[in-house]
Amino acid sequence: MQSQTLEPWKLYSTVGLLLGLDVITFGIWQIVDPLQRTIEEFTKEEPRGDLDVLILPQLEHCSSVKMNTWLGIVYGSKGLLLLLGIFLAYETKSVSTEKINDHRAVGMAIYNVAVLCLITAPVTMILSSQQDASFAFSSLAIVFSAYITLVVLFVPK
């Protein structure tokens, strides 16, 4: 078995490249198809106590014309990165070294994030017309994912 080392500059350049790709993607999105504020108005409602007032409920959205296309590009690129992480975690599950003994915990953390992303992304797209429910679901998924990842990584130690 041969020993391989990862030099720090390679790691930093990979992270910089991924960050640069995100900046370029979001920059092109904002130049080609910028986000616009749209207001959805509902029917007027009469409050119970006051007869002289009508309430006009409004729902604000921030969207673009090709929003689903751009979200597909972003979700696709992040999904490919998650698949790469799952593949690497699977391939290194049987490796045992003295220097790195938490590769199984890192693999479980990647699996956890992937499963929660696969559940959260479609549900938040379905709930997009209900802003409170969408925000609550995505927030809970983020907090739960971070909590489970920290538990998996640090509790066994």
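Per chain, the residues get numbers from 1 upward, laid out in the order the sequence is written. Local features in a predicted model are, by the rule used here, given only for residues with pLDDT of at least 70; side-chain atom pairs are given and counted only at 80 or more, and totals for whole chains, interfaces and linings are based on all residues. Here the side-chain values reflect all heavy atoms present in the structure, with hydrogen atoms and water set aside.

- The name given to the protein in an unreviewed UniProt entry is G-protein coupled receptors family 3 profile domain-containing protein, with the source organism recorded as Engystomops pustulosus.
- The UniProt entry for the protein carries the following comment under Subcellular location (unreviewed entry): "Membrane".
- UniProt positions are given in the numbering used here, feature names are shortened, and annotations may be inferred rather than shown by experiment. Under the heading Sequence similarities (unreviewed entry), UniProt records this for the protein: "Belongs to the G-protein coupled receptor 3 family. GABA-B receptor subfamily."

Section: the side chain of S134
Item 1. For helices the rule is a DSSP run of H or I covering at least 4 residues; for strands it is a run of E covering at least 2, with both sets numbered from the N terminus onward. When you line up the elements, S134 lands in helix 4 (residues 131–154).
Item 2. Judged by relative accessible area, S134 falls into the buried class, the value being 15%.
Item 3. Other than its neighbours up to four places away in sequence, S134 contacts T124 and L127. The rule is simple: take the accessible area with a 1.4 Å probe, protein chains only, and divide by the maximum for that residue type; under 20% is buried, over 50% is exposed, in between is partly exposed. Whether two residues are in contact is decided by their heavy atoms, any of which lying within 4.5 Å being enough.

Thoughts on helix 2 (residues 67–91)
Item 1. Helix span, expected: 1.5 Å multiplied by one less than the number of residues in the helix. Between its first and last C-alpha atoms helix 2 spans 36 Å; for 25 residues at 1.5 Å apiece the expected length is 36 Å, and the two agree.
Item 2. Inspection of helix 2 places W70, L71, V74, G85 and A89 among the buried residues, and these make up the whole buried set.
Item 3. Contacts from the buried residues of helix 2 go to helix 1 (8–32) and helix 3 (103–126).

Here's the deal with the packing of helix 2 against helix 3
Item 1. Comment: axis = line fitted to C-alpha atoms, over the contacting stretch for helices; angle = value between 0 and 180 degrees taken between N-to-C directions. Taken N-terminus to C-terminus, the directions of helix 2 and helix 3 make an angle of 160°; their axes are 9 Å apart at the nearest point. By the criterion of interaxial angle, the relationship of helix 2 to helix 3 is roughly antiparallel. Read as a crossing pair, helix 2 and helix 3 show a hand that is left-handed. Two secondary-structure elements touch here, helix 2 through N68, Y75, L82, G85, I86, A89 and Y90 and helix 3 through G107, I110, Y111, V113, A114, C117, A121 and M125. Any angle between 65 and 115 degrees counts as roughly perpendicular, while under 35 counts as roughly parallel, over 145 as roughly antiparallel, and the rest as oblique. Crossing chirality is assigned from the near helix's rotation relative to the far helix, an anticlockwise turn below a right angle marking it left-handed and a clockwise turn marking it right-handed.

Here's the deal with the pattern of salt bridges
Side-chain pairs of opposite charge can arise whenever the charged atoms involved come near each other.
Item 1. Salt bridge, as applied in this entry: a Lys or Arg side-chain nitrogen positioned within 4 Å of an Asp or Glu carboxyl oxygen. Scanning the model with the defined rule gives 2 salt bridges in all.
Item 2. The closest approach of N and O atoms between K78 and D22, which form a salt bridge, is 2.6 Å. With K78 in helix 2 and D22 in helix 1, this residue pair connects regions lying 56 residues apart in the sequence.

Focus: the side chain of S145
Item 1. Along the polypeptide, S145 turns up in helix 4.
Item 2. Judged by relative accessible area, which is 12%, S145 ranks as buried.
Item 3. Those residues within four positions of S145 in sequence are excluded, and the remaining contacts are N112, V113 and L116.

Details of a nonpolar patch on the surface
Item 1. To count toward a patch, a residue needs a relative accessible area over 30% and no salt bridge; like charges are then connected within 9 Å, while nonpolar side chains (Val, Leu, Ile, Met, Phe, Trp, Tyr) are connected within 5 Å. To measure how exposed things are, a 1.4 Å probe is used in the Shrake-Rupley method; for residues, cover is taken only from the protein chains shown. A cluster of nonpolar side chains, contributed by L17, L18, L21, L81, L84, F87 and L88, occupies part of the molecular surface with about 630 Å² of accessible area.
Item 2. Elements with a minimum of two residues in the nonpolar patch: helix 1 and helix 2.
Item 3. Ranked by residue count, the leading element in the nonpolar patch is helix 2, at 4 residues.
Item 4. Tracing the sequence through the fold places L21 in helix 1.
Item 5. Residue L21 is classed as partly exposed on the basis of its relative accessible area, which comes to 45%.

As for the environment of L88
Item 1. Here L88 shows up in helix 2.
Item 2. Distance from L88 to V15, taken between C-alpha atoms, is 16 Å for residues 73 residues apart in sequence.

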